Amino acid sequence: MSTNRWLATGNYFTSYQDEQRIFFTHLDRTIFTLFLSLLFVWPVFFAVSNKYMLVIDNILIAIVAIIGLNIVTGFAGLISIGHAAFVGIGAYTVASFSRTLGDSHVIITHAWPLMIVLSGLMGAIFGAIVGLPAMRLKHLYLAIATLSFQMIFSWTINFMEFFNQGQTIPVSRVFWFTGKLNRDEHYRFWYYVLLVVVVLSGFMVRNLLRTRYGRCLSAVRDNDRAADAMGMHPGLTKVYAFGLAGFFAGLAGALHAYVYRGVGFESFTLHHSITYLAMAIVGGLGTLNGSFWGPAAIITLELQVEILAEQVGQIFPSDWNLATALKPFSFGLVIVLFLMFEPRGIANWWRIVRSYTKLWPFRY
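This write-up is about the structure you can find in this document.

Considerations on the overall build of the protein chain
Link 1 in the chain: Helices and strands together make up the secondary structure of the protein chain, namely 15 helices and 4 strands.
Link 2 in the chain: Taking 364 residues into account, the globule formula puts the C-alpha radius of gyration at 21 Å, and the protein chain, at 22 Å, falls close to it.
Link 3 in the chain: Taken along the three principal axes of its C-alpha coordinates, the protein chain extends 60 × 55 × 50 Å.
Link 4 in the chain: Relative to its full complement of 364 residues, the protein chain shows a buried share of 47%.
Link 5 in the chain: In the protein chain, of all internal contacts separated by at least 6 residues, the share reaching a separation of at least 24 is 74%.

In structure tokens form, the structure reads like this:
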């Protein structure tokens, strides 16, 4: 590595310690700090309606969930088609306390950080349980096992009276140092909470990948028999990969419950599991920054398609039903195009841009 880390134009390491740094140059750290400061500051100077602030909150919630999905599918190479069920576990953990103690109980309104962490732990427990078949199953068989968990979750929520048979369970607004949150500041407050959770989750996974446990995930993904021969335990690695994925999904579910002030089954269906998988594919499987690009791209696409569908519905006859078909058509088309032409996702575009700027002006 260059002795002057401000002027470095490439990654030239002289020790393993240099290679394990989170920020390779001072310029990387400075740009990241400025960008992070901008994310925290911009709501103060720019007024955004509740509608669009909710869209931003949804992107951040999806990022937390996709970070977990990328651990199990991207880094460990295990297919999971029931990720929305893990998100639902976290959401219904909050809903269960709300239904049992009352939605205005002090645990729900004042101890909400504890509830979010508890929801993550519940998701981790169920994730580890669902991951147990991964010790024996692979590929399509494991995908069917996770799909079975999604079906079991759906049946349990829809038919158990304790969960209000899938109907909405209300969750009250939370309290902060200034008192109970008002309606006009609800989404902006949770934007900051979600942003903190996203940043902490990103650093947590980034540091995990630098440890031997993170390298075990990649080794098991590439060749589990070779990993076993090198002293790793493929079965336990797959189980804790599902456990970590369930933890982040549980966090996302609890945050979803608080942002929407309620929990309903329609937010955790098989359709949402497929959407989460599409976000991971479009963003880039096996990359941390892909967990950020994917949700932003898919949710923005859905919003633009809804606007386009309204315009199409006004132009063409209603019996053509083009507005209804436009959303699933565009969703499927984007996934197919990425699988065909850019299987490494948007993260690969980001990698190309970064490599160009790092080598500029010394191109070769």
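So, the packing of helix α8 (residues 186–209) against helix α11 (residues 234–260)
Link 1 in the chain: α11 packs onto α8 with a crossing angle of 175° between their chain directions and a minimal axis gap of 11 Å. Relative to α11, the element α8 lies roughly antiparallel. Judged by residue contacts, H186, Y187, W190, V193, L194, V197, S201, M204, V205 and L208 of α8 engage L244, F248, L255, Y258 and V259 from α11.
Link 2 in the chain: For the contact of α8 with α11, a count of residues per class yields 13 nonpolar, 2 polar and no charged.

Describing the nonpolar core
Generally speaking, soluble globular proteins have nonpolar side chains that are buried together.
Link 1 in the chain: Counting 88 residues, the largest nonpolar core has Y92, W112, I116, W190, L255, Y258 and Y276 as the members making the most contacts within it.
Link 2 in the chain: Those residues in contact with W112, other than ones at most four positions away along the chain, are I107, V174, F175, W176, F189, W190, V193 and Y258.

Structural notes on the pattern of salt bridges
Close approach of charged atoms allows side chains of opposite charge to pair.
Link 1 in the chain: Taken as a whole and assessed by the stated rule, the structure comprises 1 salt bridge.
Link 2 in the chain: One salt bridge connects D222 with R221, and the closest N-O pair in it is separated by 3.3 Å.
Link 3 in the chain: You can call D222 exposed: its relative accessible area is 58%.

Brief notes about the packing of helix α3 (residues 50–75) against α8
Link 1 in the chain: Contact geometry of α3 with α8 gives a least axis separation of 9 Å together with a crossing angle of 20°. Judged on the interaxial angle alone, α8 and α3 are roughly parallel. Seen from above, α3 lies across α8 with left-handed handedness. Contact with α3, carried on its side by N50, M53, L54, I56, D57, L60, I61, I63, V64, I67, I71 and F75, involves Y187, R188, W190, Y191, L194, L195, V197, V198, S201, G202, V205 and L209 of α8 and no other residues of that element.

As for unusual backbone geometry
Link 1 in the chain: A positive phi angle, close to 60°, is found at N164, a residue other than glycine.
Link 2 in the chain: Along the chain, N164 turns up in the loop between α7 (139–159) and β1 (169–170).
Link 3 in the chain: According to the relative accessible area criterion, N164 is partly exposed, its value standing at 22%.
Link 4 in the chain: Unusually for a residue other than glycine, R261 sits at a positive phi of about 55°.
Link 5 in the chain: With respect to the element layout, R261 can be found in the loop between α11 and β4 (262–263).

A word on helix α13 (residues 290–315)
Link 1 in the chain: With 26 residues, α13 extends 37 Å from end C-alpha to end C-alpha; this agrees with the ideal 38 Å at 1.5 Å per step.
Link 2 in the chain: Among the residues of α13, G290, S291, G294, P295, I298, I299, L303, V305, A309 and V312 are the ones counted as buried.

Looking at the environment of F292
Link 1 in the chain: Of note, F292 is situated in helix α13.
Link 2 in the chain: Taking the C-alpha atoms as reference points, F292 and A347, separated by 55 residues in sequence, lie 9.0 Å from one another.
Link 3 in the chain: In this structure F292 touches I63, I67 and V198, once residues within four positions along its chain are discounted.

Some remarks on a nonpolar patch on the surface
Link 1 in the chain: Together, V41, V44, F45, F46, V48 and Y52 give the surface a local cluster of nonpolar side chains, amounting to about 600 Å² of exposed area.
Link 2 in the chain: Tallying contributions element by element places helix α2 (residues 26–45) first for the nonpolar patch, with 3 residues.
Link 3 in the chain: Counting through the fold element by element, V41 comes out in helix α2.

Scoring rules and cut-offs
Residues numbered from 1 in each chain as written. Predicted model: local features only at pLDDT ≥ 70, side-chain atom pairs only at ≥ 80, totals over all residues. Heavy atoms only, no water. Helix = DSSP H or I, 4+ residues; strand = E, 2+ residues; numbered from the N terminus. Rg over C-alpha atoms; globule rule 2.2 N^0.38 Å. Buried < 20%, exposed > 50% of the residue type's maximum accessible area, 1.4 Å probe, protein only. Contact = heavy atoms within 4.5 Å. Axes fitted to C-alpha atoms, helices over the stretch in contact; angles between N-to-C directions. Parallel < 35°, antiparallel > 145°, perpendicular 65-115°, else oblique. Nonpolar A, V, L, I, M, F, W, Y, C, P; charged D, E, K, R; others polar. Core = buried A, V, L, I, M, F, W, Y, C linked by side-chain atoms within 4.5 Å. Salt bridge = Lys/Arg side-chain N within 4 Å of Asp/Glu carboxyl O. Left-handed = near helix turned anticlockwise from the far one by under 90°. Expected span 1.5 Å × (residues − 1). Patch = residues over 30% accessible without salt bridge, like charges linked within 9 Å, V, L, I, M, F, W, Y side chains within 5 Å. Areas by Shrake-Rupley, 256 points an atom, 1.4 Å probe, with all protein chains shown as cover.

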